[in-house]
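Architecture at a glance
Residue-level listing of the chains:
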Amino acid sequence: MLLNEKNQVAKRKTTETQPDIAPVQLPVELVIQNAAALREQLLPLVTADGAVALDGSAVSRVDAAGLQVLASFGRSRDPAPWTWHAVSDPIVSGARHLDLLATLHLGAAAASSEGH
């Protein structure tokens, strides 16, 4: 399923944890066509020292493949600290649809988006 929620990209802080490196900017489209590139972008972060933050504020389209790459990153990274610097509504909606909110550390973002 392809989720496209234009004009609903909301920057929300999801945690107070400060990353040890600058937030990693995710691409505008987390879709199957970009899944391999996203994997290559995230792979070095799996073993990075210290806290890592992802910035998903620019993401306007997601599909299951893109979210699966993020979920794989999250599962591979845990228990090492990682967080969201910012997250868009399409990420939250897609994660909710695929029951990935906990895996993607999106509980707080999901709660705040329910009021929209």
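One can find the structure itself at the top, above this paragraph.
Residues numbered from 1 in each chain as written. Predicted model: local features only at pLDDT ≥ 70, side-chain atom pairs only at ≥ 80, totals over all residues. Heavy atoms only, no water.

1. As for the sheet that holds strand β4 (residues 52-56)
- Taken in spatial order, the 3 strands of this open sheet run β2-β4-β6, and their pairing is parallel. The open sheet terminates on both sides in strands that have one partner only, identified here as β2 (24-25) and β6 (82-87).
- Here β2 runs beside β4; their pairing, made up of 2 bridges, is parallel. Counted as the bridge partner of Gln 25 is Asp 55 from β4. (Pairing = 2+ DSSP bridges. Helix = DSSP H or I, 4+ residues; strand = E, 2+ residues; numbered from the N terminus.)

2. Some words on helix α3 (residues 89-97)
- Along α3, the residues classified as buried are Asp 89, Pro 90, Ile 91, Val 92, Gly 94 and Ala 95.
- Positive phi shows up at Asp 99, right after α3, with a value of about 55°. (Buried < 20%, exposed > 50% of the residue type's maximum accessible area, 1.4 Å probe, protein only.)

3. Comments concerning the pairing of β4
- Of all the 5 residues making up β4, 5 are buried; the element is thus mostly covered by neighbouring parts of the structure.
- Both faces of β4 are covered, namely the face carrying Val 52, Leu 54 and Gly 56 and the face carrying Ala 53 and Asp 55.
- Note: β4 against β6, 5 bridges, orientation parallel. By the bridge assignment for β6, Ala 53 is matched with Thr 83.

4. What to know about the environment of Ala 64
- Structurally, Ala 64 is set in helix α2 (residues 64-77).
- Taking C-alpha positions, Ala 64 is 7.7 Å from Ile 32, a pair spaced 32 residues apart along the chain.

5. Details of α2
- Along its 14 residues, α2 runs 20 Å from first to last C-alpha, staying within 8% of the 20 Å computed at 1.5 Å per residue.
- For α2, the full list of buried residues reads Ala 65, Gly 66, Leu 67, Val 69, Leu 70, Ala 71, Phe 73, Gly 74 and Arg 77.
- Elements in contact with the buried residues of α2: β3 (29-30), α1 (35-46), β4, β5 (61-63), β6 and α3.
- By the N-cap criterion, in which a side-chain oxygen at the helix start approaches the backbone nitrogen of a residue two or three places on, α2 is capped by Asp 63, the distance to Ala 65 being 3.1 Å. (Expected span 1.5 Å × (residues − 1). Contact = heavy atoms within 4.5 Å. Polar contact = N/O pair within 3.5 Å; in protein donor to acceptor, adjacent residues only side chain to side chain.)

6. Considering unusual backbone geometry
- Residue Pro 79 follows Asp 78 across a cis peptide bond; omega there is 10°.
- Tracing the backbone through its elements, the reader meets Pro 79 in the loop between α2 and β6.
- For His 105, which is not glycine, the phi torsion reads 55° and is therefore positive.
- In this fold, His 105 is placed in the loop between α3 and α4 (107-113).

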